[in-house]
Amino acid sequence: MANKRPEFQVYNSMTKQKEIFKPIVEGKVGMYVCGVTSYDLSHIGHARAYVAFDVLYRYLRYLGYEVVYVRNFTDVDDKIIRRANEVGEDPKALSWRFCQEFLNDMADLQCLLPTQQPRVTDHMEQIKDMIAQIISNGCGYAVDGDVYFSVDNFPKYGLLSGRKLEDNRAGERVAVDDRKRNPADFALWKAAKPGEPVWDSPWGPGRPGWHIECSAMSAHYLTHTFDIHGGGMDLIFPHHENEIAQSCAACSESRINYWIHNGFVTANDEKMSKSLGNFFTIREVTKLYHPLALRHFLLGTHYRSPVNYSISQIEISSEAVFYIYQTLQDCEEAVYSLKEESATNAKVRISPAAQECITKLHNEFEAKLADDLHTPSILNAALQEALRFINSSINTLKKKQQKQQQLSTVKSLVDLEKQVREVLDVLGLLPSLSYTEVLQQLKDKALRRAGLTEAEIFHAIEERTRARKNKEFSRSDQIRSDLAAKGIALMDVGKETVWRPCVPVQQEQPSVLAQQEKPGVPGEQQNPPRPAEKPQSVVPADKQQ
């Protein structure tokens, strides 16, 4: 592990290429990521964005940088006002409530809290000051209490998106207005309307346009020049394009060195939307699947690539994280009695094979994250190899060995587990609970998906045991198949049968458990739809029995 750490390269949406990351101030990083408009529960598109930038945040800290991470809340907006009017709630109260729901979802996904989480309504003075500066510099104009940005007076407009000015249309949140000098001009300040929250300003009472908030708040917390600005690809135009125009019009020294954008989320290979009925909130997914399974699923695709959400894929990730934590728990239990002795005995050395595995995992982990945060390669290659080595070493430890060999194997396992934990920590996949607790949570989710209780599974295991004793092997096999179809795998360990979650396996024969199913809880989906294909298990052979 003495190899030189690879230089971090990140794809810059501005230059359309990967670049070596060099912060403006050595050892420090300023990062701003556009946050949610808080009027509803967050969906898995939000999860995709904030998990991606959480990994970036964690990785920068792992590299030793002091990071100031700013992620805003848009708490005044047309959508918030519309929703508040629909439900008869104060817009600020509604927005505050969904800000908290968002934070709850982020905590479930193990996203670290940013350094700052500014809200628009707390930064009106900064917003008004920036608008005044834009007008003073000739790039803004007031009309009947509204203030617009003049794109004609900013020659660099379109630099990020590559759009030509004549091809641009008004931003999606900006209505076409004949009072504009150019249809592409966008609102900096909106004049007051009946029933809307308002603030006083030099141009009359009103509220900010959508784009100005991020320019003002990023400048307030990070100055006009900082390292990273991030968000989803859908924000490149118009939001980020307009941010650049505003910030540069307000301060000619404004500069952001790296623009980073994550890809879209589709559902079953279709664009995710409410109209198609394939729109999923984070809460809907985590009701049936562990939040760390969702995080694993999101990290299984490179952050810039589109990710396709499907039940078969989240099932695979659910099984994958169960395998990770089960392996680590088995490791803890295997080394428990000899861990202290192996650490204090100066003659004990880890095996060359274990050292090679640790070095490979460390080097691959650093190389892949340094290459534009390539998380899938870590999860699917180096980490899997390390977990297989752990399981193989645990099996070796169960065999008769000389004491020194035993201690060497234990020390090898301890050191390898430490490296695996470091990798999981940077990826945000290291559970805050014990392995036992998180494994139980994963099993509880599996039971919910299957529409079964653990008592019912134990009853099925007893039935299967009786069938095997009576040599009714077709019945015992069918019981096992029925449970496998529901995502419950039975494993015969010695004379005992245990169960774990698995990817549901399609079966053609009728279920012998069908008559044992209890009625569903009203309003709950007991057996979510399963894909027609049979997904391949991600649990290696050393864990399948």
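These figures come from a predicted structure and were not determined experimentally.

Rules of the game
- Residues numbered from 1 in each chain as written.
- Predicted model: local features only at pLDDT ≥ 70, side-chain atom pairs only at ≥ 80, totals over all residues.
- Heavy atoms only, no water.
- Helix = DSSP H or I, 4+ residues; strand = E, 2+ residues; numbered from the N terminus.
- Buried < 20%, exposed > 50% of the residue type's maximum accessible area, 1.4 Å probe, protein only.
- Contact = heavy atoms within 4.5 Å.
- Areas by Shrake-Rupley, 256 points an atom, 1.4 Å probe, with all protein chains shown as cover.
- Pairing = 2+ DSSP bridges.
- Axes fitted to C-alpha atoms, helices over the stretch in contact; angles between N-to-C directions.
- Phe/Tyr/Trp six-rings, centres within 6.5 Å; stacked < 30°, edge-to-face > 60°.
- Lys NZ or Arg CZ within 6 Å of the ring centre and 35° of its normal.
- Core = buried A, V, L, I, M, F, W, Y, C linked by side-chain atoms within 4.5 Å.
- UniProt positions renumbered as here; feature names shortened; annotations may be inferred.
- Salt bridge = Lys/Arg side-chain N within 4 Å of Asp/Glu carboxyl O.
- Parallel < 35°, antiparallel > 145°, perpendicular 65-115°, else oblique.
- Left-handed = near helix turned anticlockwise from the far one by under 90°.

Visitor: When you look at the overall build of the protein chain in this model, what are you seeing that I'm missing?
Guide: Summing up its helical and strand segments, the protein chain has 16 helices and 15 strands in all. Expressed as a percentage of its 545 residues, the buried residues of the protein chain come to 54%. Within the protein chain, counting contacts between residues at least 6 apart in sequence, those at least 24 apart form 78% of the total. Surface exposure of the protein chain reaches about 25200 Å², of which carbon and sulfur atoms provide 49%.

Visitor: What am I meant to see in the sheet that holds strand 9 (residues 225-232) here?
Guide: As a general point, the strands of a sheet are linked pairwise by backbone hydrogen bonds and lie either parallel or antiparallel. Spatial strand order, 4-3-9-10: four strands in an open sheet with parallel pairing. The open sheet has two edge strands with one neighbour each: strand 4 (66-71) and strand 10 (255-262). In this sheet, adjacent strand axes meet at a mean angle of 20° when their direction is disregarded. Here six bridges tie strand 3 (residues 28-33) to strand 4, and the two strands are oriented parallel to one another. The residue bridging lysine 28 from the neighbouring strand is glutamate 66, located in strand 4. On the sheet, helix 6 (residues 236-250) packs against strand 9 and strand 10 and is oriented at approximately 165° with respect to strand 9.

Visitor: Help me out: how do you make sense of the pairing of strand 2 (residues 17-20) in this one?
Guide: Working note: regular strand, side chains alternate between the two faces of the sheet. Where strand 1 (residues 9-12) and strand 2 come together, four bridges link them in antiparallel fashion. Bridged to tyrosine 11 within strand 2 is lysine 18. With antiparallel pairing between neighbouring strands as the criterion, strand 1 and strand 2 make up a hairpin whose turn holds four residues, including lysine 16 at a positive phi of roughly 60°.

Visitor: Honestly, helix 5 (residues 212-222) in this entry has me stumped. Any pointers?
Guide: A large share of helix 5 lies buried, amounting to nine of its eleven residues. Residues of helix 5 that are buried include every one of Ile212, Glu213, Cys214, Ser215, Ala216, Met217, Ser218, Ala219 and Leu222, and no others. Within two residues after helix 5, threonine 223 carries a phi angle of roughly 75°, on the positive side.

Visitor: What is the right way to read the packing of aromatic side chains from this model?
Guide: Aromatic ring pairs are defined here through the distance separating the ring centres and the angle between the ring planes. In this structure the tally under the stated criterion is 15 aromatic pairs. A ring pair is formed by tryptophan 189 and tryptophan 203, whose centres lie 6.0 Å apart and whose planes are at 55°; its orientation type is tilted. Pair noted here: tryptophan 189 is in strand 7 (residues 186-191) and tryptophan 203 is in the loop between strand 7 and strand 8 (206-208), with a separation of 14 residues, a long-range link. The residues tryptophan 189 and tryptophan 203 share a single accessibility class, namely buried. Residues phenylalanine 280 and tyrosine 309 carry aromatic rings whose centres are separated by 5.1 Å and whose planes lie at 55° to one another, so their mutual orientation is tilted. Here phenylalanine 280, found in the loop between strand 12 (270-271) and helix 7 (282-288), pairs with tyrosine 309, found in strand 13 (residues 307-309); they are 29 residues apart in sequence, far enough to count as distant. Relative accessible area serves as the criterion here: at 25%, phenylalanine 280 is assigned to the partly exposed category. Above the plane of the ring of tyrosine 57 lies arginine 61, whose end atom (NZ or CZ) is 5.0 Å from the centre. Positioned above the aromatic ring of tyrosine 50, the side-chain terminus of arginine 71 is 5.4 Å from the ring centre.

Visitor: So what exactly am I meant to see when it comes to the nonpolar core here?
Guide: Proteins that are soluble and globular tend to have nonpolar side chains buried together. Grouped together as the largest cluster of nonpolar side chains are 95 residues, with contacts concentrated most on Tyr325 and Val420. Ranked by residues supplied to this core, first place goes to helix 1 (residues 44-62) with 13 residues. Excluding its chain neighbours within four sequence positions, the residues that come into contact with valine 420 are Leu328, Leu361, Leu383, Ala386, Leu387 and Ile390. Val76, Cys139, Ile244 and Ile256 belong to the second-largest nonpolar core, a separate cluster that totals 39 residues.

Visitor: What am I meant to see in the UniProt feature "domain: Cysteinyl-tRNA ligase anticodon binding" (unreviewed entry) in the protein chain here?
Guide: If you check UniProt for "domain: Cysteinyl-tRNA ligase anticodon binding" (unreviewed entry), the listed places come out as residues 462-500 in our numbering. A helix fraction of 54% and a strand fraction of 28% characterise residues 462-500, whose end C-alpha atoms lie 16 Å from each other.

Visitor: Teacher, can you tell me more about the sheet that holds strand 13 here?
Guide: Taken in spatial order, the three strands of this open sheet run 12-11-13, and their pairing is mixed. Each edge of the open sheet is held by one strand with a lone partner, namely strand 12 and strand 13. Note: strand 11 (residues 265-267) against strand 12, two bridges, orientation antiparallel. Bridge pairing in strand 12 links alanine 267 to glutamate 270.

Visitor: Please explain the pattern of salt bridges as it appears in this structure.
Guide: Pairs can form between side chains of opposite charge once their charged atoms are near each other. Using the criterion set out here, one finds 26 salt bridges in the structure. Close ionic contact of arginine 295 with aspartate 54 constitutes a salt bridge, the shortest N to O distance being 2.6 Å. Note that arginine 295 is positioned in helix 8 (residues 291-299) and aspartate 54 in helix 1, a separation of 241 residues in sequence. No difference in accessibility class separates arginine 295 from aspartate 54, as the two residues are buried. Arginine 449 is the partner of glutamate 315 in a salt bridge, and the nearest nitrogen-oxygen pair spans 3.7 Å. In this pair, glutamate 315 sits in helix 9 (residues 311-335) while arginine 449 sits in helix 14 (residues 435-450), placing the two residues 134 residues apart along the sequence. An identical accessibility class is assigned to glutamate 315 and arginine 449; each is buried.

Visitor: When you look at the packing of helix 8 against helix 9 in this model, what are you seeing that I'm missing?
Guide: Helix-helix packing is described using two parameters, namely the angle between the two axes and the distance between the axes. The contact between helix 8 and helix 9 brings their axes to 8 Å, and the two run at 110°. When the axis of helix 8 is compared with that of helix 9, the two are roughly perpendicular. The way helix 8 lies across helix 9 gives a crossing that is right-handed. Counting all contacts with helix 8, which are made through Leu292, Ala293, Leu294, His296 and Phe297, the residues of helix 9 involved are Gln313, Ile314, Ser317, Ser318, Ala320, Val321, Ile324 and Tyr325.

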